[in-house]
Structure formats: structure tokens, C-alpha cells
Amino acid sequence: MNVNQSIPPVPPFGQPQPVYPGYHQSSYSGQSGSTAPAIPYGAYNGPVPGYQQTLPQGISRAPPSSGAPPASTAQAACGQVAYGQFGQGDVQNGPSSTVQMQRLPGSQPFGSPLAPVGSQPAVLQPYGPPPTSAQVTAQLAGMQISGAVAPAPPSSGLGYGPPTSLASASGSFPNSGLYGSYPQGQASPVSQAQGHPRIQTPQRSAPSQASSFTPPASGGPRLPSMTGPLLPGQGFGGPSVSQPNHVSSPPPQALPPGTQITGPLGPPPPMHSPQQPGYQPQQNGSFGSTRGPQPNYGSPYPAAPTFGSQPGPPQPLPPKRLDPDAIPSPIQVIEDDRNNRGTEPFVTGVRGQVPPLVTTNFLVKDQGNASPRYIRCTSYNIPCTSDMAKQAQVPLAAVIKPLARLPPDEASPYVVDHGESGPLRCNRCKAYMCPFMQFIEGGRRFQCCFCSCINDVPPQYFQHLDHTGKRVDAYDRPELSLGSYEFLATVDYCKNNKFPSPPAFIFMIDVSYNAIRTGLVRLLCEELKSLLDFLPREGGAEESAIRVGFVTYNKVLHFYNVKSSLAQPQMMVVSDVADMFVPLLDGFLVNVNESRAVITSLLDQIPEMFADTRETETVFVPVIQAGMEALKAAECAGKLFLFHTSLPIAEAPGKLKNRDDRKLINTDKEKTLFQPQTGAYQTLAKECVAQGCCIDLFLFPNQYVDVATLSVVPQLTGGSVYKYACFQVENDQERFLSDLRRDVQKVVGFDAVMRVRTSTGIRAVDFFGAFYMSNTTDVELAGLDGDKTVTVEFKHDDRLNEESGALLQCALLYTSCAGQRRLRIHNLALNCCTQLADLYRNCETDTLINYMAKFAYRGVLNSPVKAVRDTLITQCAQILACYRKNCASPSSAGQLILPECMKLLPVYLNCVLKSDVLQPGAEVTTDDRAYVRQLVTSMDVAETNVFFYPRLLPLTKSPIESTTEPPAVRASEERLSNGDMYLLENGLNLFLWVGASVQQGVVQSLFSVSSFSQITSGLSVLPVLDNPLSKKVRGLIDSLRAQRSRYMKLIVVKQEDKLEMLFKHFLVEDKSLSGGASYVDFLCHMHKEIRQLLS
Ligand SMILES: [Zn+2]
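Residues numbered from 1 in each chain as written. Predicted model: local features only at pLDDT ≥ 70, side-chain atom pairs only at ≥ 80, totals over all residues. Heavy atoms only, no water.

- As named in an unreviewed UniProt entry, the protein is SEC24 homolog C, COPII coat complex component, taken from Aotus nancymaae.
- UniProt, in the comment section headed Sequence similarities (unreviewed entry), describes the protein in these words: "Belongs to the SEC23/SEC24 family. SEC24 subfamily." (UniProt positions renumbered as here; feature names shortened; annotations may be inferred.)

Given below as C-alpha cells:
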């Protein structure tokens, strides 16, 4: 989010402020969120009985269906039929009439003031039918999985590239390294393990490559669109940079729209040979047996794996090395956009405008289309026909963040109240009134812009038209002049035709041995005492409407009665976890202020009560079941905050076994690592969605906990997962508490349904994100916060029209934190084209990558990872080949020509391809991969951008007094200077890399030690020192953290230190240890693929 605007707030709605006092300009506050209080907007004289909104269809929450369950393909895949015994009954709302009353909770002899008391009988709901994974499997129909799948490499790791030697290396990483790797007791440093070579710093002056080419003149011709950073690639340890292999071409004259890269793009050996079971071990370079000339396309890195299948005799001397400075630079593109588009506000009045990049700070003025903070598209000009779209292969998708937080100088959507009649909609397609609806017949009727249906204007909404056919009140009504606004929903939009109660938060705390031992329980209970004062509030409300409840558990559950009238909290134990029920209603969910004394007492006692516990086993499914039943009994939506430490192996529904098996990597069975172990979790998630029960899961694992399975319920309920491996209070409390505070305070919409409507010709066909779908159109979200996005893909179902363009309307029905039912509407108009060049001129690569990453990350559930990677490569090649064939001027096949808007597609796609999910390094655990996979699923475009291509900021280059962020450099080792320090961040990780030759004064100023050697490697906190450099760096770190939705723990990495391996993982332009190609190599490969498609 670009929140650092200095431009003064501009009401997006112009003058009418005084005229329509009902419009509320809410001030932005991180605490109170972005939704404005619903001040009725009395624009017309109340509802007229003549116009009664019929029961809305589509967006309204339909009564839960008890119809036939969707097909459950994932069940078979998981080999689990564990819940066949459950009934097929209606699992939905309200207490079931089939009450079973035979169980009483057991009591627990804790010597605490919490007297166990008896409990009420259980209300047992039968489990529903197994859930579907149809939307998951359906996806793959669209994936072109080509060719034969390569046979699995031997489990020894041969054939899977070099990193096998690293398997034991993670012990040398600090806790919570990448995602919190587990230290392995027996670990040895990455070097020398099992005789494997130590990773060398690049030796850039490989003579065998340099010899046959003429170094470019320093002022050699460069393409204007390809100007990389002008920094010479400063190396450390090596000779000063010469770029012996740079062969550049004369500047092209004839091809303005594209980026040409000419030169040594000779045909490289195949990247993925069907005969090859993966990458060969590294054979060349500074270690290994073959030290001959680089057999490939002249990778600058000695560690280059051979992509081909010839470990034998060296291939003919490779052609020239492609100069990294001559290929498109992400840094340059980002800088150019900042310079060109960061100064003017982005005004949304014009159809089909491509917004500034997500990395540019800009102000948005809503003049009829939704802000790019809410919706970004892969292209803002879409082909008129499906044939054209198929030819180009450019995915048509929108990344939607319906409740996005806005910077302080942009106003939250206005809330419109149409009274009892509810929001005005098209009678046929149910689209909501929006600026694109066409009023006709003097204003008495309107034609729907989505389906062309002619609708009567209800009398109370009538208004005259001006001479241009526009309603004279158009600019006084948000729904007629703005891209985004909210409607107050009527009771028709509420579950069971009843306005909702305010939501509740339930804190469910694992009190097993591990949770107690690490200090987690004590830390958490202490924090909650103050954090409960910051529950989300709406507008100017004095206190939050949200009620809270508390549960602790190990292999049994403990409920707490914290009614305000009690002197002490009371505990109730439920040990029958097979049939979970809630033993108390009254006193379980309470108002924080009313019950403060009892809650404080409880939070004081919990760590003491379980201090001596020996219980190591936990349950999981029954815990969520209990929370969900509690919300059901209270007839409200809400969120469960689950703090969990271990694989749930206690006897209970959802019991798991350790099925982690690294040998499956790179085999056809790798997908099972990403699939849930049992269908019980999906079944439970479906029940939670029906109740509007969202789960945020905080994991504190010491070993494998099966994140793939445990994250199913958070994922399907719109929740979040946080993971703190090997949690230790002293090391991790800052990160955990920051995440927790933000998570608890953030504004959430509950019990939400999202529908995306489109104008005739295209329709939404696929959805990616954290949600559940029981039909093909409604995205159901038990909870949705301001960080979550839903990516929607569109396909043609008819011909589009250049003149009328294409329209999207996203409608989100949700319950606000205060319990108000609302509809948030976002509208966006796009252009349509009959020329492919127009498509390629209006694409947004960052959004494309967001879509492609989500598509691929879902693909690994069902397909071999290699097939998923190949699909991405093929699609990228097709996109670029289509451009080359249809849009670029004829030129020699030796030239790679990229569309200007997509010139970063290869580098970014390569980052996706070699990400931990698609090509894991040996230090990446199965849980890490599952964790990242589900994180990316909900990321917005800015998050995927920095996640896949991290930011690398030099610290001492810019003037010390400069308060702006230093310009980034490319994420490659050759951009590092050993006399400098760099911050690297990707939204999850934050490193401070210190070069070995950093000046002593700098070391002293920042670390308060006298030399480089005295800096503690792995340090996570910089000393607070009173000097400009220390203040600047710490300020920059704070600023980076503030921009991200999760706290990034700092890791100080010294050059040449063993921890540097961890850091280098993020230098994504370089070849990765897991075999991922360097940017240069990948670009060559992409060029070859394109040439093949064109020939
Ligand atoms: Zn319509």
C-alpha cells in the first residue's frame, strides 16, 4: 500500500459535501478501519411502498442448500473416507432438532480457583456431506499439461540438483529463517557436508567465455527501453568489473512498442528435456568433475547446472554471454513508473486506463471506476473475441481486494441508504445501480449496462435528465458517479431474514506441554489483557461491539465462564472430543468492559493452571468445532483465534499422522504433500462457512505439523495462517505480538458473499483465494479482511464490442464489525480491442504474475510440479510469441522482442518458477511450502510483486540525511558491493547484509562494535544508537515493516558467513541452489521457446 502520499486529501466526491451531509468522510485510522459509519443517505423521500425490493437473488445469502453435495474428488485423492459414517443431513443454521443429550463433560481436578462445574447437554449437529474440491480440480482442465511427465528422480536426490547437501544445513540457520526452518540438531554448516562443495562466490572473469567476444565500448549503444541500473555490477572479492561478453546491438528504430534484446541468444540446450529426470547435478564451474568450458549458454556463474543431458564432453564453445545490463531491469521499470506516474493523481474517470504500478506511490481520485487499490486487471483492453484471446494466451483476470485499506488521504466508500426498498438493482441480472446504467425515457426507465434489460425507475428514485441524458442528480449520488460505494442492506439480505448480531471473537489456546514450555501461553495471556481493548470498532464507536470468549485445550477442551457477575472465572472441561459440544452459553461470550475483572483473572490464571502440565498431545478439529458451535448457539458470526503447537495426534476427529516425506519431491506423488490428509477438515470448513465462522491460525511448531491439512479451515473460511517455527519468547515475541495485534485489530467483514457480474460477452469462470464456493458464482467468505484478495478469471462467452467495452461489478455482501449488514460495490469499465497490439499495450505484468502464481500454486494440488512449471513456461512463450508474430515489425529471429508492458514477464515468471513451492531448496520444509502456497493464494499484486522479486536497498550510497528510501538495486549477487550494506525484504523476510569491507566507522555506528568480525551473525535487533546512520537504518527498517501486512523479523547476514546462503536464496536474478535458472539463462530459454513456436 502506498500510504505515504503527501498530497492533501481530496474528497473524491467534489462539492456535494455540504449539500449532502449524509456523506461521511471517514478519517483513516489503522485502528478503526476503513469502513465509514453508515450514516443514512437521505437522498430521496424514503421508500415508497410501491417499490418493494423482491428477495434479492444472487448476492444474497441463499438459504443453505441441503441438496446433493458436490462431487468430492479430493477425497479419493487423499484416500480418506473417514467420515462416511456421518449423515447427509442439513448441516446448516440453527440448533438441530435432533438434540442428543446424553453427555456430560468431565471435570478436571486443577487446584485452581476455577471450579469445574457441570454443563449443559450437547447440541449435536451431524456432519454434512464431504465437501467439494471441484473448484480445485476443475482448474486443471484449463492447464495445458504437455508432454510426458518425467520419471521421478532417484530418492537419493540425484538428478534433483545440488541441494541435497544442504539437507543437514538448516541447523545453522537461525530460528524462523526463511519461514522458520527447524534447527536440526546434527546439522553442520552448509559447506563441506558430505563432501559437497562449498558454494563459491561467482568468478565473473571466466576466460573461456570472454575470449571470443569483443567487450562493448563503455558507451556502447543501448536500447532506451532497456536501460538497466547504471551501476556497474560491483563484485566483491573479484576483479573489478569488466563485461567481456556484452554484445549489444544497434538501437532499433522500427519497433517502438517492444523491447528488443539482440545478441547472443543462440539456441540454448533444452531446459527441460523430456528424457531428463530433472536437473543434473552441477558438473562444471569451480567444483565437480568437469571443469571445462561452460557447456551451456555462458552462464556467468560457475555453479551453473547443465540444463541439458550432456554431462559428457563439453559442448561447442558457448556463444556470447548476455549482458545483464542489457536485459530488462525490474528496478528501471519501477523507477521509470515512479518518475512518470507518481506525481499526478490517478483519476478513474477514463475507461480502460492502466493504473500506475503497485510500486509507485500515487493518489487515486474515484470518478466512476473502482480504484486500483480495489481492482487490478491483467489487461485493461480485452480482445473482442475469444479467438483473439486464445491466440494471445494472455489470461484475462482481475485481482480484487474488496475491503482494501486506503491511505489516509483517500476517502472510504460512502454508505448509501435506499431505505426499506433496499438498493436499486436490475430486475434481470440483479446488478446494482452504478454509473454505467443508462437512464432513458426522460428518466422513467433505465437500461442495464450488464444485460441490457430495460427496468422501470421506482417513483422514489425518479429524477429528470439533463440535455446530455444524464440524471441531474448524478453527481449527488455515489452510486451514479463513483466506482466504489456501499449500500446498507435490508433484512432481505440477512441470514434467516434477521438482522445479524455483532460478531464474536473466541481465543482458543493450546496449553499442552510445548505451548507452556516455550513461554507462549504466558506471553499470549499477558498480551490479551491489553489487546482486548483494541478490538475493531466502527467509525467513532466508543467501544467495540465484538464479544469475546476463551477456550484452552490439549487433548481435552476447557471452556470458561467469564460472566461479569462472577467473582472468579469458571472452567468447564469437555473430554468427549469425538462429539464436540459447547457446555455453556450464558457467560461464554461476553463484553470485554463488562467482564474485565473476570477476564483479567482468567488470563492471569491460565499460565499457572497448566504450568506443570505433562500433556503433549493435542486435538485440532474438535477445537474449531467447539468454537463454531459456540457461535452457532449465540447466533452470530465471528472469528476463532487458534494458537496451536503440534501435529494433532490425540484420538479425535481430524487426528493426523506424520506423513511428511521428502522423497516425494519431484515425483508424481509430490502433490499429495499439498493435499489435506483427511477430508474431515474440509467438512468442518464448510460448516464454519455456513455459520460465518472464520479461523485465524497461529502455529508454533517444533517439527512437522502438516500445515497443508491444518490450513484447510483457515483457507476455506477466509482466515489467515501464521507460522512461528521453533518459537522462543526471547527471539520471536516481537514478531508474534506484532502479527497478533494487527490481526486482532484489523477490520473484518463477516459472513460475506461476493459476486462478480460482467457485461454480456465475458463472464467470471474461475476464482482464486481464501474462500469457499458451493456453486459456480458465489464466493463465500466466512470472514474477509482488508488484506485478502480474490483473483477472478474471465472468459468470453460472446463477442465483445469496442464501443461499449466490458464492465465488471463486484458486489460484496457482508456483516460489519458492528453487526451492520452492507453491500460494497466496485465497478470497473474496460476497453475492448480488435487489434492484438492494443491488448499488449494495456497489460499489467504484476497482475499477470499474481494470477499465474496463484494458478500454478493451485495446480500443484493435482499435477506434478514439473508439469505445472512447464505449463507456465509454455504459456509465457505463447504470449510473447503471439506478440512477436502479430505486433512486432519483422526482424531477425535472433532478436528477442518483448512487449513494453511485459518486458518483465520473463524475469518475474522465472521467480515464480523457482519459488519454494515449485522448486524447493533443500532447506525448505514441506510445511514451509504448504504455508507459502496458502499465503500466496490471498496476496494482492503488491505483495506478490515483492514476494517473488525482493527489494534490495543499498544503505550507504544515498546521503545520510536523505529521508527517502534509497533506490533499489537488482536482486543479484553481482550488484552487491562488499563495501556496502543492503536491506533485502520480500514481505515475509528481512535481511541486513553486511559486506566484508564495510568501513569501520559504519560498523561502529550501526552495530556498536569495532570491526566486521565482531558483528554477531544472525542478529535480529540493531542496537539503538544515537547517530545519523543508526537512526536512518532503523527508521528504514521500521518503514519497510509498516508497509507489509506481516512483521518481518530482521536477520543480520555477514558476507561469507554461513548464513549468507539463506540470504542468497533471495537474489532471484541468480541461479538458485535448487536448480532454478538465472534471469539471463531463463531469458535465453524463453527466446528459444518463442523461436520454436514461431518456426
Ligand atoms: Zn441487468
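Picking up after the structure, the text goes on.
Quick word on the overall build of the protein
- Per the secondary structure count, the protein includes 24 helices and 29 strands.
- Across the 1095 residues of the protein, 62% fall into the buried class.
- When contacts within the protein are restricted to residue pairs at least 6 apart in sequence, long-range pairs at least 24 apart make up 76% of them.
- Carbon together with sulfur atoms contributes 53% to the accessible area of the protein, which is approximately 37800 Å² in total. (Helix = DSSP H or I, 4+ residues; strand = E, 2+ residues; numbered from the N terminus. Buried < 20%, exposed > 50% of the residue type's maximum accessible area, 1.4 Å probe, protein only. Contact = heavy atoms within 4.5 Å. Areas by Shrake-Rupley, 256 points an atom, 1.4 Å probe, with all protein chains shown as cover.)

What about the sheet that holds strand β13 (residues 547-553)?
- As summarised here, the arrangement of the seven strands in space is β15-β14-β13-β12-β16-β17-β18, forming an open sheet in which the pairing is mixed. Taken across any chain shown, the strands that pair with only one partner, and hence form the sheet edges, are β15 (570-574) and β18 (721-723). Mean inter-strand twist for the sheet, computed between neighbouring axes without regard to direction, equals 20°.
- Summarising the sheet, β13 and strand β14 (residues 557-561) pair through three bridges and their orientation is antiparallel. Across the sheet, the residue bridging to Y553 is L557, located in β14. (Pairing = 2+ DSSP bridges. Axes fitted to C-alpha atoms, helices over the stretch in contact; angles between N-to-C directions.)

Describing the side chain of R929
- Along the chain, R929 falls in helix α19 (residues 926-937).
- For R929, the contacting residues outside a window of four places in its chain are I665, E670, F674, V865, D916, V917, P920 and V924.

So, the nonpolar core
- Counting 150 residues, the largest nonpolar core has L557, F559, Y840, L918, M981, L992 and F1007 as its most contacted members.
- At 11 residues, helix α17 (residues 865-886) tops the list of elements feeding residues into this core.
- Non-local contacts of M981, meaning those with residues more than four positions away in its chain, are made with L953, P954, L955, T956, L992, W993, V994, V998, V1002, L1006, F1007 and L1029. (Core = buried A, V, L, I, M, F, W, Y, C linked by side-chain atoms within 4.5 Å.)

Describing the coordination of the zinc ion
- Looking at the zinc ion, the protein donor atoms are C426 (SG), C429 (SG), C448 (SG) and C451 (SG), and they sit 2.2 to 2.3 Å from it.
- Given four donor atoms and angles of 102 to 116° at the metal, the environment of the zinc ion is assigned as tetrahedral.
- Between consecutive donor residues of the zinc ion, the sequence gaps follow C-x2-C-x18-C-x2-C. Of this pair, C426 sits in the loop between β7 (415-416) and β8 (438-440) while C448 sits in the loop between β9 (445-447) and β10 (454-456), and the two are 22 residues apart along the sequence. (Donors = N, O, S within 2.8 Å, 3.2 Å for Na, K, Ca; no water. Tetrahedral: all angles 85-135°; square planar, octahedral: opposite > 155°, others 65-115°.)

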